[in-house]
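Examination of the molecular architecture
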Amino acid sequence: MENQKLSYNWYAIRVKSRSEKKVYSDLIEQEIEAYLPLQRKLRQWSDRKKWIEMPLISGYVFVYISRKEYESVLRIYNVVCYVYFEGKAAIIRDADINLLKRMLGQVEVELEITLEQLKPGQMVEIISGPLCGVIGELINFQGKNKVALRIQPLGYTVLVEAPGKNLIPHNP
């Protein structure tokens, strides 16, 4: 039997509500590389406030697998399905996973939005700063200091903190 080199890619899997951390833990336990982007949020209860880590994208966990592990991921309790695009499990670019990691790694990014000829629906690129190279569809300006970008292939809109002077129209 020939020794074939396995091709690994990132995929998004849909998981049951509020089971992201458990699925992530089960994936790691089965030695499947996974990524669960978490963000810290201050939650208030009637008697106290507490910082907790919550999934950035509710209902999703990312896996880095070859075709060999494809079915074993689906057998993990609380995994619903892969995210599909055009009839196949959508491959998530390494750059998009790295973007999520970079965004979450920023303690604070200063914002300065300018309305320089950028219009909703337009593809834009961040040209400097910690999120340099990020390309997405400009959805709108969220107040004075944030822009909403739709980053494919997940189709999620991400509020990105980037100075307006660092945004340019993207021409592929």
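Everything numeric in this text was worked out from a predicted model, so none of it was measured.

This part takes up the nonpolar core. In this structure, Trp10, Ala12, Tyr35, Phe62, Ile92, Ile97 and Leu149 are the most contacted members of the largest nonpolar core, which totals 19 residues. Secondary-structure elements contributing two or more residues to this core are β1 (9-15), β5 (60-65), α3 (94-105), β10 (123-126) and β12 (146-151). With four residues, the top contributor of residues to this core is α3. Setting aside chain neighbours within four positions, we find Trp10 in contact with Glu33, Ala34, Tyr35, Phe62, Val63, Tyr64, Ala90, Ile91, Ile92, Asp94 and Ile97. Core analysis: the next-biggest nonpolar cluster, separate from the first, contains 17 residues, Val23, Ala34, Val61 and Ala89 among them.

Let's shift gears to the confidence of the model for the protein. In this model, the protein carries an average pLDDT of 79, and 74% of its residues clear a pLDDT of 70 or more. Per-element confidence in the protein is highest for helix α1 (residues 20-29), whose mean pLDDT is 97, and lowest for strand β13 (residues 156-160), whose mean pLDDT is 66. Contacts of residues 107-116 to residues separated by more than four positions or lying in other chains number 25 contacts, the stretch itself having pLDDT below 50.

Although it is not a glycine, Arg18 sits at a positive phi angle of roughly 60°. Within the secondary structure, Arg18 sits in the loop between β1 and α1. Arg18 gets classed as exposed once you look at its relative accessible area, which sits at 79%. Notably, Glu31 is not glycine yet its phi reads approximately 60°, a positive angle. For Glu31, a relative accessible area of 76% gives the class exposed.

Conventions used here
Residues numbered from 1 in each chain as written. Predicted model: local features only at pLDDT ≥ 70, side-chain atom pairs only at ≥ 80, totals over all residues. Heavy atoms only, no water. Core = buried A, V, L, I, M, F, W, Y, C linked by side-chain atoms within 4.5 Å. Buried < 20%, exposed > 50% of the residue type's maximum accessible area, 1.4 Å probe, protein only. Helix = DSSP H or I, 4+ residues; strand = E, 2+ residues; numbered from the N terminus. Contact = heavy atoms within 4.5 Å. pLDDT = per-residue confidence, 0-100.

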